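If you want the building blocks of each chain, they are given just below.
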Amino acid sequence: MSDTAQAAPDATRGDRWRAHTTVLAFGTFAVGTDAFVIAGLLPDISRSLHVTIAAAGQLVSVFSIAYALLSPVLAALTGKWSRRSVLVTALVVFAVGNVVTALAPSYPLVLTARVVAAAGAAMFTPNAGATAAAVAGAERRGRAIAIVTVGLTSSLALGAPLGTAIGNAWGWKATMWFVTALAIVVAPVIALRLPDVRLGAAPGLRQRLSPLTDRRVAGVLAGTLLAFIGIYLPYTYISSVFAPATGGDGGKVALLLLVFGIAGTAGNLTAGRLADRHGPRRVVVCATLGLGAVFLAMLAGRDWFPAAVLVVALGGIGSWSVTAPQQHRIIALAPAGAESLVVSLNAAVMYLAISLSSVIGAIGLDAFSSPAYLLPVATVFVVAAAALTWVTGRAGRRAADPAASAAERGRDEVGTAPAAR
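Remember, it's a predicted structure, so these values are computed and weren't measured experimentally.

On a plain count of helices and strands, the protein chain comes out with 18 helices and 0 strands. A burial count over the protein chain gives 56% of its 421 residues as buried. In the protein chain, 84% of the contacts between residues at least 6 apart in sequence involve partners at least 24 apart. If you sum the accessible surface of the protein chain, you get close to 16,800 Å²; carbon and sulfur atoms cover 67% of it.

Looking now at helix H15 (residues 305–333). With 29 residues, H15 extends 43 Å from end C-alpha to end C-alpha; this agrees with the ideal 42 Å at 1.5 Å per step. Among the 29 residues of H15, 23 are classified as buried, and the element is accordingly described as predominantly covered.

Let's shift gears to the pattern of salt bridges. Here the structure, examined in full by the defined rule, presents 2 salt bridges. The closest approach of N and O atoms between Arg114 and Asp34, which form a salt bridge, is 3.1 Å. Taken together, the positions of Arg114 in helix H6 (residues 107–136) and Asp34 in helix H2 (residues 16–37) put the pair 80 residues apart, joining distant regions of the chain. Across the pair, Asp34 and Arg114 agree in class, each one buried. Across the pair Asp44 and Arg47 runs a salt bridge whose closest N-O atoms are separated by 3.9 Å. Separated by 3 residues within a single helix, Asp44 and Arg47 lie in helix H3 (residues 42–49), roughly one turn from each other.

Close inspection of predicted coordinates is inappropriate in any region flagged by low pLDDT. Confidence in the prediction of the protein chain, expressed as mean pLDDT, is 80, and 83% of residues score 70 or more. Of all secondary-structure elements in the protein chain, the lowest mean pLDDT belongs to helix H18 (residues 406–409), at 37, while helix H5 (residues 83–103) reaches the highest, 94. Across residues 1–13 the pLDDT falls below 50, and counting only partners more than four positions away or on other chains, this stretch makes 26 contacts in the model. Low pLDDT, under 50, characterises residues 398–411; the stretch is placed with 10 contacts to residues that sit more than four places away or in other chains.

Our focus in this paragraph is a nonpolar patch on the surface. Residues Val92, Val96, Val100, Leu109 and Val116 make up a contiguous nonpolar surface patch of roughly 340 Å² in combined accessible area. Sorting the residues of the nonpolar patch by element identifies H5 and H6 as the ones contributing at least two each. Counting residues per element, the nonpolar patch draws most heavily on H5, at 3 residues. The topology assignment puts Val96 in helix H5.

What follows is about the side chain of Thr101. In this structure, Thr101 sits in helix H5. Overall, the relative accessible area of 1% leaves Thr101 in the buried class. One polar contact links the side chain of Thr101 to the main-chain carbonyl oxygen of Gly97, over a distance of 2.7 Å. If we skip the residues at most four places from it in the chain, Thr101 touches Val110, Ala113, Arg114, Trp172 and Met176.

Quick notes on the rules
- Residues numbered from 1 in each chain as written.
- Predicted model: local features only at pLDDT ≥ 70, side-chain atom pairs only at ≥ 80, totals over all residues.
- Heavy atoms only, no water.
- Helix = DSSP H or I, 4+ residues; strand = E, 2+ residues; numbered from the N terminus.
- Buried < 20%, exposed > 50% of the residue type's maximum accessible area, 1.4 Å probe, protein only.
- Contact = heavy atoms within 4.5 Å.
- Areas by Shrake-Rupley, 256 points an atom, 1.4 Å probe, with all protein chains shown as cover.
- Expected span 1.5 Å × (residues − 1).
- Salt bridge = Lys/Arg side-chain N within 4 Å of Asp/Glu carboxyl O.
- pLDDT = per-residue confidence, 0-100.
- Patch = residues over 30% accessible without salt bridge, like charges linked within 9 Å, V, L, I, M, F, W, Y side chains within 5 Å.
- Polar contact = N/O pair within 3.5 Å; in protein donor to acceptor, adjacent residues only side chain to side chain.

Here is the structure:
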């Protein structure tokens with residue numbers, strides 16, 4: 001068997017694609033745990049580094065901004081590498097960043113180390129999704145991306161709470177060592193087990209950046225931005241939004257986060273299958289419209305804890321039903337060799353949305369008398385994302401190559417052709 005997925009698609013797209021994507025999911029679990037766990041460690045970090053809580057919170061912002069800026073740049077710089085080499089290198093860089101974070105004696109050095117860790121994360125997560133799609137083949141693309149995304153939902157539901165518990169027991173630096181250990185365990189498995197996938201011939205820089213001039217790609221990125229601003233407004237401020245139901249009880253807030261993560265895992269896997277069967281655009285439109293309804297329902301459910309659990313679960317399902325289909329959509333629009341770049345652009349926009357949601361939420365909390373007003377604002381963003389996704393999808397089909405086959409024109413951004421359903 002050839003060592004490349006392209007040279008021997010049948011060998012790597014049988015049952016083995018599940019094993020390969022599962023390994024990649026363990027990598028995204030490590031990266032996601034690092035991204036989500038810092039928020040739960042801020043008080044300990046603040047005391048340890050002798051800075052305010054607000055200053056400690058900038059570790060989250062610096063990580064997100066560095067990820068957003070570095071993701072497309074690193075995708076371009078590593079375009080000629082095999083995906084296996086990129087993924088292993090990414091985990092090594094990620095681990096180094098976390099080791100320095102754990103050993104750093106001062107706040108400025110910790111900030112710098114978070115940039116290094118973000119660089120590793122920015123190399124790993126988008127390439128994991130693109131590699132999974134390449135290994136699985138177009139007909140299983142949605143499911144493969146969804147399996148990789150399970151690593152992120154699991155890091156939210158399991159990794160972050162576990163990392164927080166470790167930090168509470170032995171200090172926040174112990175959590176950094178824990179995340180480092182996760183990366184060190186996964187890296188050799190990827191090096192030894194993953195096929196040496198190459199995403200087509202490496203194009204020149206101008207060709208590599210050409211997706212940015214494609215209106216369809218720009219439309220998908222704009223939809224990602226709107227959707228994830230809306231999604232992260234209630235999530236970032238979940239303790240404030242549901243304060244009437246939790247009464248400020250940290251245990252109840254943790255339970256809501258756990259429910260969100262578990263429900264998100266189920267929603268993500270279901271969305272991957274639906275994207276393969278019905279097309280990713282339809283899944284994104286339905287998920288974002290459903291989220292709009294859920295956010296409005298949260299207005300009624302925020303005063304009673306059982307109702308809060310229900311609406312948070314529905315919010316988790318809808319929120320994580322957007323991630324994999326959006327990656328599916330943008331990979332389908334990428335020219336040969338540019339898959340990792342467009343996925344990195346989509347990931348960068350997601351992290352930009354997370355940062356913007358924090359800013360918009362802070363402004364909203366200052367401007368409004370109640371955190372509940374964040375919910376209608378979030379609804380506006382997700383409904384706008386649904387409208388944009390619907391409009392750009394229809395425009396993309398009208399602009400399709402007139403010489404394409406009827407079956408191909410019937411695909412919804414590489415969903416299953418109608419004749420094959």
